Amino acid sequence: MSAPRPAAVVDRVVVPAGTTAAAAIAEAGLPTTGPDAIVVVRDPDGRLRDLDWVPDAEVAVEPVPLSSPDGLNVLRHSTAHVMAQAVQDLFPEAKLGIGPPIENGFYYDFDVSKPFQPEDLERIEKRMREIVKSGQRFSRRVYGSVEEAKAELADEPYKLELVDIKGDVDTSEVMEVGGGELSVYDNIDPETGKRCWSDLCRGPHLPSTRLIGAFKLMRVAAAYWRGSEANPQLQRIYGTAWPTKDALKDYLNLLAEAARRDHRKLGADLDLFSFPEEIGSGLPVFHPKGGILRRELEDYSRRRHEEAGYQFVNTPHITKGRLFEISGHLPYYADTMFPPMKLEGAEYYLKAMNCPMHHLIYKSRGRSYRELPLRLFEFGTVYRYEKSGVVHGLTRVRGLTMDDSHIYCAPEQMGDEIKSLLRFVLDLLADYGLEDFYLELSTRGEGPKFIGSEEEWAEATEALRVAAEESGLELVPDPGGAAFYGPKISVQAKDAIGRTWQMSTIQVDFQMPQRFGLEYQAADGTRKRPVIIHRALFGSIERFIGVLTEHYAGAFPAWLAPVQVVGIPVREDHTPYLQDFVARLRAERIRAEVDASDDRMQKKIRNAQQQKIPFMVIAGDTDVANGTVSFRYRDGSQRNGVPLDEAVAHVLEVVRSRTNVGPSASA
RNA sequence: GCCGACGUGGCGCAAUUGGUAGCGCACCCGACUUGUAAUCGGAAGGUUGCGGGUUCGAGUCCCGCCGUCGGCUCCA
């Protein structure tokens, strides 16, 4: 969530044979304390090494400072060890799971008979502070054999398991083993030289706990051992760690900013939507103001889709189960669909995806190659039985509306269609104010889930890859992340505070045309099978509204704002003057109103400010006398004494241009 | 679904060891009228998520549902 400081460019340092990296670092005059301290080195093979590593032969190594991305990982991983030591000091019966660094922090899993309580975190933190302060050294020791490791780890059942599977894991999350040898890190008290604690670990680590500048334990949660529901649940403690107290403070401020932007809170504050318990979990209702937002988002999308050659369709919310048998969804997703209703001998399901119905529209009559690409579009509402623990605000709901389209094209059209589609998607997202993207390419994985031939998958994957590369955006591979019927590109967008959200997806599908027997007649008179491209831009409108709310912190651009203009009279008798002005704006379809309550002007400004209304239009004696109004914008800037015609034109210009910044006196 | 925490009027909070619900904002009424983030006064509003139980007595303790939050798992 926070951008790591760019790593200082540090020259390589030569470590002579038989000396420690630490000695060479010190010799080179590089820092050994503070946020730029060199904490590990990268050897010529790219492997990170502890500072007390002694190479057999002279090597040039790259010093890695604490505040670099690698340095932060080491810091956090070492802090996880300190936490585990503290936990086992306080809870001797606790068995160790795994404890890797993660983005902005770390966690460690423990098997304890009684789950940790929030108060326990304070005790653990206190013990950690003592350990950090004592300046324990991290010291690497390599086991001579698996048997030796097992003997030492006899009391740690989970670690024993890791030793047994060491050949099979080499992921970034399992820090315990991997890299070809079994090693253990001892924490050594610098005063006495005594070993305080040790942990199976491939390393590397900080030279000393003293380099842990600041940390905080964040929360406890349960997590399945090795990520499988079939395994026991361990208690996981999450923490964060930083080189300095200021860096920690910045991070906590960022979290506080994220909390201020939380769409669930803003949705209530701004009267946009709610989740009535009587309706059910994950089923939002949109209030009038949220309704305006939603309609504006949809209307603009509709217009753009019309311009791009899409045709609009409508389909029902329930269907016989047969449809999802044909599509093949039922075997995979029955347990995440609402259970069927039995009627007239058939089982009807709530619609969980729109595609099969669109395929039936395609199939409703014979199709010619002249019609292709045929682009069908629908704001289609679907219902999915999300597990109770995962429902979350607008971002994970049980009833959602997808801006779903299916493009039926000839195989030879696929490449160009994907390219123009990706450009369309990115342009449209940018129009809503999301402009910082990267792409993810999800490809086929192992297992029976994936249907279809290798050749088709390869062809589709290649078409997506070419389009993605042509966009010039960063492309991150996601092996095994594809849907069962085909690979996809997903567009990840960064919001105003740097968080990434998965937005649009583009999926290629060779399977549904076969399953539904879709055809078109080609120019040569033969029957051919079209390719389907599935595409959602918002993903779900509900979720998109949630994301935009957080992106804009509720201060929506003028074109989306539920109330665009509020007139604020200085004195009661200025109200009619503003009402005339507002009437002119309303005639131009601007959402404008006058605050005619008996609050004081200052209070009205405060209210408008809290509602994040883009234009406050104030008028008092001076304005009335001069035929002007005065603007106050959300950022507190002002533009006073603006003639009425000019003021109307100004509002229209800002709203109709769909600008996503401001408005402000300076813009 | 699993683990933990939580659930008090629309919102944010308070209620000593279980003793019969308070405050601020908003809403409503009245008075006041001041050029850029809170005028004053008054009224009203809660069978403390729901259902059981323990107790002379439960917002406070126990059980079960529902919901929310944080994770895990999942995400067509």
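Computed from a predicted structure; not experimentally measured.

> Mind showing me how you'd approach the protein's contact with RNA strand B here?
In the region of RNA strand B, 56 residues are neighbours, and Arg219, Gln233, Arg571, Arg600 and Arg606 sit closest. Each atom of RNA strand B within 4 Å of the protein belongs either to a base or to sugar and phosphate, the latter forming 50%. Contacts to RNA strand B include Tyr485, whose side-chain N or O atom sits 3.5 Å from a sugar or linking oxygen. Of all elements in the fold, only β11 (214–224), β12 (233–242), α10 (329–333), α17 (601–610), α18 (621–626), β31 (628–633) and β32 (638–643) reach the threshold of two or more residues within the surface near RNA strand B. No other element matches the six residues that α17 contributes to the surface near RNA strand B. Across the surface near RNA strand B, the residue classes tally to 19 nonpolar, 19 polar and 18 charged.

> In this structure, what is going on with unusual backbone geometry? I would like to understand it.
Among all residues except glycine, the phi angle is most often negative; among peptide bonds, the trans geometry is most common. Here the bond from Leu372 into Pro373 is cis, since omega is -5°, no more than 30 degrees from zero. Tracing the chain through its elements places Pro373 in the loop between α11 (355–363) and β19 (374–383). If you check the backbone angles, Ala553 has positive phi at about 50° while not being a glycine. Examined against the element boundaries, Ala553 turns out to sit in the loop between α15 (541–551) and β28 (565–569). Since its relative accessible area comes to 18%, Ala553 is described here as buried. Positive phi, close to 55°, is recorded for Arg658, a residue that is not glycine. Take Arg658: it is sitting in the segment after α19 (644–656).

> How do you make sense of the domain arrangement of chain A when you look at a structure like this?
Frequently, the measure chosen for interface size is the accessible area that the parts lose on association. Annotation of chain A at the domain level lists domain 1 (13–67), domain 2 (70–258), domain 3 (269–549) and domain 4 (565–666). Each of domain 1 and domain 3 has a C-alpha centre, and these two points are 50 Å apart.

> For this particular structure, what's the right way to read the side chain of His305?
On the secondary structure map, His305 appears in helix α8 (residues 288–307). Overall, His305 belongs to the buried group, its relative accessible area being 0%. Residues contacting His305, with those up to four places away along its chain left out, are Tyr310, Phe312, Phe377, Phe424, Leu428 and Arg535.

The rules behind these values
- Residues numbered from 1 in each chain as written.
- Chains lettered and ligands numbered in written order.
- Predicted model: local features only at pLDDT ≥ 70, side-chain atom pairs only at ≥ 80, totals over all residues.
- Heavy atoms only, no water.
- Near = heavy atom within 4 Å.
- Polar contact = N/O pair within 3.5 Å; in protein donor to acceptor, adjacent residues only side chain to side chain.
- Helix = DSSP H or I, 4+ residues; strand = E, 2+ residues; numbered from the N terminus.
- Nonpolar A, V, L, I, M, F, W, Y, C, P; charged D, E, K, R; others polar.
- Buried < 20%, exposed > 50% of the residue type's maximum accessible area, 1.4 Å probe, protein only.
- Domains from an automatic or database assignment.
- Contact = heavy atoms within 4.5 Å.

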